[in-house]
Amino acid sequence: MHYDLVVRDGTVVDGSGLASYRADVGIVGGRIAAIGRIRENAERTLDAEGHVVAPGFIDGHTHMDAQICWDPLGTCSCWHGVTSVVMGNCGFTLAPSRRDERHLVVRNLERAEDISADAMAAGIDWQWETFSEYLDTVERLPKGINYAGYVGHSALRTFAMGERAFEEPGTDADQERMERELCDALGAGALGFTTSRTRNHQTSDDRPVASRLADWDEVRRLVCAMGRMGTGIFEIANEDLARVDPEARSEYFGRLTELSIESGRPVTWGIGSSRHTPGAWRPWVNLLDEASDRGARMFAQVHSREFAVVLSFRANLPYDQLPVWKELRRLPLEEQRARLRDPGLLQRLVESANTSDYGRAIGAEARKPDYDWLFPLDSIEGPRRSVAEVARERGADPAQTFLELALESDLERFFLQPFANENLDEVLEIMQHPRTVVTFSDSGAHVSQIMDSSIPTHVLSYWVRERQALHLEEAVRMLSFEPASAWGFADRGLIREGFAADLVVFDPDRVAPAMPEVDTDLPGGARRLKQGATGIRATVVNGEPLLSDGEHTGALPGRLLRGPLAQR
């Protein structure tokens, strides 16, 4: 046999969780054709000596629906070994959207997911109205990695109701229009239906996003429509009261369970822990087993470290909307540096930081500083001392110390502000639950606020190498086979003959996230955080090398992964 590509002399960690082994991997026509000792010639050879060869990683929680229109490579996900992503979470999609009402889907996304309206205006060539037409557009676009997508509730509502979607529940006629478009979307290859019911999702004018105006009967009707079609996953950003009120939680858990039983569809949602409510995550984990015992299908999506905002003078600060600070932060960075040499201004900034009303943070926006939980980010590995610790050591005010630390680095220093998942032992316990999936990068969203595309390289560097809490085979399974199974990618997530040849080749002793950086490479010059990785030799997508030592090879082998109805 003549191979298109042979990955030679690597240690295969095949995604199953079984023990690794030395082998070559031969690829023909974008699929794995042989595993073992391959002596035949190949068009190309990739030397994997001293490296692990694993299935490409899969991220089930992204918001790359807009980014795919201007970024064919799929950054930053591709830099961390991710070869397939699922878009359209939390009810937010760019389709369906009527030609004269595109501003309505932009309104849903702009603040809730921190995706610049200016970038969307400059970077999107709107060639669709229906979700089916959007998928056709995605299929035509050049792609480095593979994409699949849900249809979002907020977009369905604005498509059916226009401005009323932000004001009231849908009428029977409105819901009929949503249901019809949802069924068409599923037939065209949507993976399912998503919604949000959390107050963390608001528009830029401080209104609830459209899905939050829906009553539960509307949600139920749409999920049951998927049930009648026999396809689709239901993803939901959960109701806030259920997080803090035991009675409300019990009622909500009952609704979710009954909905899964009635519709026959799997239900998924995110879970995390919080230092403010220790142990509050445990009933949510227990629900996964209790619902299964009743015949429901549920799985939870979990992070692999703290949920944390990345702060810097180059990006966002907690103080940006405060008096005095606001005036300073409008200026170019060089001018900010010059102004901060004024001791009088520094004093006013500290006073403002200590006495002002910060308002309420939405989503991943920077919070009012708790200086015991605000850390200079001088290295990925740590350890890290909090701003409060440094302030006590210096005998100084914490806000003043924050400014000093920034100025010591010429305003280049990053800071990390965790807002959930602070207890990493709890994070590990949640990760290892058999009904959870490690994902939740939010890639494509919160682009100036967080940087979580590096979940896979963090798992490999921290949980496997540093903490030795996971075996390498277990970690690779978490990142490949488990999400592939959860989202129904039947021919991905394992290194098996006949499977799609999505592979990541990495050095287990070096693989890690790199330090974040700030760039203005979004359309129109909008700003975003970026983060690369170290220790990844190559990423292969559908049999073609996409990245070699972090550099793009020029190939764009990614595909649209349509749902099961479109494959029949």
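Being a predicted model, the structure only gives us computed values, none of them experimental.

Visitor: Outline the pairing of strand 2 (residues 21-28), listing residues and values.
Guide: For strand 1 (residues 3-12) and strand 2, the ladder comprises six bridges, and the chain directions are antiparallel. Its bridge partner being in strand 2, Leu5 is matched across the sheet by Ile27. Sheet topology places strand 2 next to strand 3 (residues 31-36); five bridges connect them, and they run antiparallel. Residue pairing for strand 3: Val25 is matched across the bridge by Ile35. Count of turn residues in the strand 2/strand 3 antiparallel hairpin: two residues, of which Gly29 carries a positive phi of about 60°.

Visitor: Kindly report on the environment of Arg341, identifying the contributing residues and their values.
Guide: Looking at where Arg341 falls in the secondary structure, it is placed in the loop between helix 11 (333-339) and helix 12 (343-355). By relative accessible area, which is 65% here, Arg341 ends up exposed. Arg341 sits 66 residues away from Leu407 along the chain, and the two C-alpha atoms are 9.3 Å apart.

Visitor: Got a sec to walk through the sheet that holds strand 7 (residues 82-87)? Specific residues and values, please.
Guide: Here we have three strands laid out as an open sheet, ordered 6-7-8, and parallel in their pairing. Of all the strands in the sheet, the pair left with one neighbour each is strand 6 (57-59) and strand 8 (146-149). Ignoring which end each strand starts from, the neighbouring axes of this sheet average 15° apart. For strand 7 and strand 8, the ladder comprises four bridges, and the chain directions are parallel. When the bridges of strand 8 are listed, Val85 appears paired with Tyr147.

Cut-offs and rules
Residues numbered from 1 in each chain as written. Predicted model: local features only at pLDDT ≥ 70, side-chain atom pairs only at ≥ 80, totals over all residues. Heavy atoms only, no water. Pairing = 2+ DSSP bridges. Helix = DSSP H or I, 4+ residues; strand = E, 2+ residues; numbered from the N terminus. Buried < 20%, exposed > 50% of the residue type's maximum accessible area, 1.4 Å probe, protein only. Axes fitted to C-alpha atoms, helices over the stretch in contact; angles between N-to-C directions.

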